[in-house]
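As a plain string of letters, each chain reads:
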Amino acid sequence: MALTEYKYNDIIHRCFRCGYCKFPTDWDDVTNCPAYARYRLESYSAGGRLWLIRAWLNGELKWSEHLANIVYSCAACKNCVEKCPLNFSDDIVNMVIASKTEMIEMGKVPKPVKDFLENVQMHGNPYGISARKRDAWMDGLKIMPYEGQDFLYYVGCEGSYDSRAQGAAMATARLLLKAGVSFGVLGSNEISDGNEVEMLGEEGLLEELAEKNIKQFSDLGVQRIIALSPHSYNALKNTYPKFGGDYKVFHYTQVLRDLIETGKLILSKRPKTRVTFHDPCFLGRWNQEYDAPRKILKALNGIEFLEMERNKQGALCCGGGAGNFLMDLLGGSDESPARIRARQANEVGADILAVACPNCLTMLEDAVKVEGLEKKIKVRDISEIICDSDGKNF
Amino acid sequence: MSSIYHALVDMVGEDYVSNQPEELFTYSKDLGTSEPKWPEYVVVPNTTEEVQKIVLFANQEKIPIVPLGGGMSLAGLALPLKGGITIDMKRLDQVIEVNEKGRYMVVEAGISQGKVTAYLHKHHPNLMHSEPGAPPAATIGGNLAIHGQGDLAHPYGFNSDMVNGLEVILPTGEIARFGSCAVGSGWFTMHPLPDLGLFLGWGGTTGIITKVSLRLFPFKKFREMDQFVVEDEELVPEILYDLTHLGLSEDLIAMSSEIPPLYDRLHHITINVTGDSKEELEFKRHISYDLTLSKYIRSGVGGIASVSQDIQRPQISKSADWKKGGGFEYVGSIMPVSAYPECYRRGAEISSRHQIPYTILGRVIGCSHGMMFSWSYAFNRADPETVRHASEALQETDELVMEMGGTIWKPAVFGQKLILEKMDNTTVQLMKKVKNLLDPNGIMNPGNWELD
C-alpha cells in the first residue's frame, strides 16, 4: 500500500499528537480514549495510532499482527473527534477505518477480525450462528412479521443472538406492544445492519449488506424503523442513504420517550432506586442524542437519577465498538474500559447502571461481574428497567 | 525475547513493557523537528517502587534510561539519544494530598496538568496551580524538569519556583526527598537543605522526579481576559513596566503573530484580571486602564482591543496546523523585558527568511524580572523542506538568544552546546561534578547536557 493511494493522504500527517484526544470534556484524566486507557502506551492513543498508520503507509514500518491489533483496538467511540482542537478532527476515526480497509484489501487482519467478518458474510451475524435461530429472542411474544405496519422493529445481531441482549430486545418489544405501537419484525430474515462491518473497514461487505437490507425493506415497503441498537440506528440513519436507502429511523429510546410524553405508555411506581446512565457512543457522540434516555429515566417514578462525572460528550466508551464486543482486543485487564466504567458507575452510588445499547449491556454486565460488584449494582437496559416496574402488567 | 525484556516484565507486568517496532517507533519521535532516536525498550511503570526497580536494574546493567512525561517539550529532550529504556511516567498520576489551608498539593509526577486543574476545580474550587500553555496532557514532573512557566508566572515566577518538596529517584536507585518532607514534617516548604536545584530544570539528567509538592494559589471566581494593543513594539516594555508596577494582573503576555491577520504587525498585550467580586474587577480595570494605560490611548498609540473575555485554556496545538502539516517547534528563552522590540524584529526576520508565518510571544515572569520569550516555527510534517526550514530557523534563533545576552529555556542539544560554550568554566566543572556524583555510570538521559 502506498500513501499516495490512501484516502486521507492529504491529512494523515496533520495530527500533532498533542493528546487532547485522551481527555473527557472536563479534563478529568487522560483515560477517556478506551484503547489508551487499557494499554497506556502512546501507540494506542488516537495520535499514536495515526502516526503508526502513516508510518506503515510510508513504508517506515512493516505490517505486523501487533500493528493491526493497535489499529483494530480503536473502538470508534469518537472521543478523539470530540476533543481534538484541529479542523480535521471530524476525520480522525475515518482515517483509522480507511487504514483498516487497506489491511482488509491486503488480506492482513488479526484473526478475531477475520472471524467476525467471515461470520457476518456467511451467516449474516458475527456470532456464526444459523440465521434460522435469529428469531429465538421473541419466543413467547406475539410479535408479527413486518407486513406494512407503521414501524419495522430492527433488532440487530446482538439483540437477536446474545442471550443477555435478548432481554433488552424482548423488553423493548413488550413496551411497544403495551403502548399499542403498530410494528413488525423481520425475524429470521433479518441480517446484520453492517455498522460494525463498516467500522472494521470492510467496504465490500458493507455494501453487500446494505443492498440486501435495502432491497428487503423496499420489497416490504418499510419507511419507518425502530432500532434496538444505537449501532444499527447509526448505520440505518447515516450510512444507508449513501446506498439509496432513505428511512425515518428512530432509536427505541426516542420512541419510548415520545410514548411516555404523549401518555401512551403509562409508567408504574417502583421502589426507590438510584440509577445512572451510560451513554452509548453511537447514540451520543455519533448522533448527538443525549436527552431521550435521560428523559425516560427521569420520568420513572421512584428513580433518583445520578449522573456519572464522565457523561454525554465526555462519556467513557465501554470498549465494545467496532466489533470489540466480540473481538475483545480491549479486554483482559483491570484497566479494560468496561471495567473502568463499571467502577465509575459504582462510585456514584447507583443501584442500577442503565444502558441503551445491547453491546454496552453485555460489556458492562460482564465487567460488573469481573469487578465483583454484582451485589452492589445491576446493569439493565432502559427498556428492562421500565418492564421491571411494570412487570405485573405483562 | 531478551533477558532485559523479561526483567522489565517482572518489574511492571507484561502489558506495560514493549520492545516491538510499533512502540519503539512511537517513542522514537518527538513532536518537533528532532530526528527520531529509537529506544530499545519502552516501559510504563505505575509506582515509585517500580520506577526504582527499573533504575536500579539499568544502573547495574549500565543501560541508558530516559524519563518521559507528556512529551511536550518539542525540543527532543525525552528522546533516547543513546538508546536504552524510555520510561513513560504517565501512570504515576495520583493526587496524594491536598492541604487546602496550607495551599499545596502532593501529586505523583506523571499526573497531567489537565487532571490537576480538573481535580482542583471539582474538589478545591478556591485553589489553582500555575498551568502552562502546553496542552493539558503535559505532566507536572515533565514541566518541572524544564523549569516550566504558567499562567501565574507574573505574580509567582517560574513553576519551579512553586515547589514545596520533591521525591526523586537518583540514578543509582536511591529514593531521596527534598524539602520539609525529608524531615517528616509534611510537604509545606522546600526548605531546609539541600536545594532542589539539583533536579529542577535539568531535563531528567540527574534523576527521576516521582512526587511533587506544588504550591497552590487562590482561584478567584471573577475572571476576565483583556487585551491592549499597540503598533509600536518599542512601547511594549514600558507598558509592561507600568502594569507590573500595579501588580493587579494574574498573567501578562505580549504577542504578535502573522496569523490571524488581526495580530499581524500589532502587539497585543493580554492582561488576565481576576477578583473576588465584580467591584474588585471594576476597580482593577479602573486602575489599569483609566489611570495607567489611558495615556497611550489619549496619545493615539494604543487602544483596548477587547475586555471581559473569558480566560480560556490556550490551544497552542493549533499553531501546528498553520501549514496544514501537524508540526511546530519553538525556541523559548529567558530575556529581559526590555529586549521585546529586538526579539520581535529579529524573530520576524528569521521567520520571513524561512517562509514561516511569524509567531512571537513573551510572558512576563515575576515583576518584570524577565520574560519567557518564544519564537514558534510551524512546519508541514509531510514536507521535508519545511521541516528543514523550521530546524534552521530554530538554530538561528538559539544563536540569536545567546547573541542578545539571553539564555535559552529548555534548549535542545544544539542550544545546550551554545550555552555550555559561553558558560563560565567553573560553573561547567561544578555541573560536571554534580552529574558524575549523582550518576557515576552516565545512564540518565545521556546525550543531553553532555559536559565532556
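The coordinates are above.
In this text the structure is predicted, and so the values were computed from the model without any measurement.

Now for the overall build of chain B. When helices and strands are tallied, chain B shows 12 helices and 19 strands. By the compact-globule yardstick of 22 Å for 452 residues, chain B fits well, its C-alpha radius of gyration being 22 Å. A principal-axis box enclosing the C-alpha atoms of chain B has dimensions of 75 × 55 × 45 Å. Out of the 452 residues in chain B, the part that is buried amounts to 61%. Restricting the contact set of chain B to residue pairs at least 6 apart, pairs at least 24 apart contribute 69%. When the accessible surface of chain B is totalled, it reaches about 17500 Å², and 53% of it is carbon and sulfur.

On to helix H6 (residues 111-123) of chain A, then. Given 3.6 residues per helical turn, the α-helix brings residues three or four places apart onto the same face. All names here are of chain A. Here H6 is 13 residues long and its end C-alpha atoms lie 17 Å apart, about the 18 Å a rise of 1.5 Å per residue gives. Looking at H6, one finds that the buried residues are Val113, Phe116, Leu117, Asn119 and Val120. Down the axis of H6, the sector holding all buried residues measures 155°, keeping them to one side. In this structure, H6 carries Lys111 and Met122 as exposed residues pointing more than 90 degrees from its buried face. Tucked inside the fold, the buried residues of H6 contact helix H3 (65-72), helix H5 (92-105), helix H9 (195-199), helix H10 (203-220) and helix H14 (324-327).

Let us look at the sheet that holds strand S17 (residues 359-365) of chain B. Residue and element names in this part refer to chain B. Across the sheet, 8 strands lie side by side as S15-S12-S14-S13-S17-S18-S16-S19; this open sheet has antiparallel pairing. Edge positions in the sheet fall to strand S15 (302-309) and strand S19 (407-409), since each has one partner strand and no second. Averaged over all adjacent pairs, the angle separating strand axes in this sheet is 25°, with direction ignored. Note: strand S16 (residues 326-335) against S19, 3 bridges, orientation antiparallel.

Bringing the packing of aromatic side chains into the picture now. All names here are of chain A. Scanning the entire structure with this criterion turns up 22 aromatic pairs over all chains. Aromatic side chains Trp137 and Tyr153 sit 5.9 Å apart centroid to centroid with 90° between the ring planes, which places their arrangement in the edge-to-face category. Of this pair, Trp137 sits in the loop between H6 and strand S1 (151-154) while Tyr153 is found in strand S1, placing the two residues 16 residues apart along the sequence. You can call Tyr153 buried: its relative accessible area is 0%. Judged by centre distance (5.8 Å) and plane angle (75°), the ring pair of Phe151 and Phe250 falls under edge-to-face. Pair noted here: Phe151 is in strand S1 and Phe250 is in strand S4 (residues 248-251), with a separation of 99 residues, a long-range link. Take Phe151: its relative accessible area is 11%, and that puts it in the buried class. In this structure Phe250 comes out as buried when scored by relative accessible area, which is 17%. In this structure, Lys22 packs its charged tip against the face of Tyr36, placed 4.3 Å from the ring centre.

Our focus in this paragraph is the state of the cysteines. Simply put, the disulfide is a covalent bond whose two ends are the sulfur atoms of two cysteines. All names here are of chain A. For the structure shown, the criterion picks out 0 disulfides over all chains. Here Cys33 is not disulfide-linked; the sulfur of Cys77 is the nearest cysteine sulfur, at 6.3 Å. Cys281 provides the cysteine sulfur closest to Cys317, a residue in no disulfide bond, and the two sulfurs are 3.8 Å apart.

The subject of this paragraph is the packing of helix H8 (residues 165-178) of chain A against helix H12 (residues 252-261) of chain A. Relative orientation and spacing of two packed helices are given, respectively, by the angle between their axes and the distance between those axes. Residues and elements named next belong to chain A. In the contact formed by H8 and H12, the axes pass within 11 Å of each other and the chain directions differ by 30°. Relative to H12, the element H8 lies roughly parallel. The handedness of the crossing between H8 and H12 comes out as left-handed. Each of Thr172, Leu175 and Leu176 in H8 lies in contact with H12, whose residues at this interface are Tyr252, Val255, Leu256 and Leu259.

Moving on, we come to the pattern of salt bridges. Enumeration over the complete set of coordinates arrives at 50 salt bridges over all chains. Between A:Arg380 and A:Asp388 there is a salt bridge, with the nearest N and O atoms lying 2.6 Å from each other. Given a relative accessible area of 22%, A:Arg380 falls into the partly exposed group. Put simply, B:Glu224 and B:Arg285 hold a salt bridge, and the shortest N to O gap is 2.6 Å. Taken together, the residues B:Glu224 in strand S12 (residues 222-230) and B:Arg285 in helix H8 (residues 278-298) connect sequence positions 61 residues apart.

All names here are of chain A. Strands sit in the order S2-S1-S3-S4 across an open sheet of 4 strands; the sheet is parallel. The outermost strands of the open sheet, each flanked by one partner alone, are strand S2 (183-184) and S4. In terms of strand pairing, S1 meets S2 through 2 bridges, oriented parallel. Bridged to Leu152 within S2 is Gly184. In the packing of helix H11 (residues 230-239) onto the sheet, the strands contacted are S1, strand S3 (224-227) and S4, and the crossing angle to S4 comes to about 165°. Packed on one face of the sheet, H12 meets S3 and S4 and runs near 80° to S4.

Here is what the cut-offs are and how they apply
Residues numbered from 1 in each chain as written. Chains lettered and ligands numbered in written order. Predicted model: local features only at pLDDT ≥ 70, side-chain atom pairs only at ≥ 80, totals over all residues. Heavy atoms only, no water. Helix = DSSP H or I, 4+ residues; strand = E, 2+ residues; numbered from the N terminus. Rg over C-alpha atoms; globule rule 2.2 N^0.38 Å. Buried < 20%, exposed > 50% of the residue type's maximum accessible area, 1.4 Å probe, protein only. Contact = heavy atoms within 4.5 Å. Areas by Shrake-Rupley, 256 points an atom, 1.4 Å probe, with all protein chains shown as cover. Expected span 1.5 Å × (residues − 1). Arc of directions from axis to C-beta. Pairing = 2+ DSSP bridges. Axes fitted to C-alpha atoms, helices over the stretch in contact; angles between N-to-C directions. Phe/Tyr/Trp six-rings, centres within 6.5 Å; stacked < 30°, edge-to-face > 60°. Lys NZ or Arg CZ within 6 Å of the ring centre and 35° of its normal. Disulfide = S-S within 2.5 Å. Parallel < 35°, antiparallel > 145°, perpendicular 65-115°, else oblique. Left-handed = near helix turned anticlockwise from the far one by under 90°. Salt bridge = Lys/Arg side-chain N within 4 Å of Asp/Glu carboxyl O.

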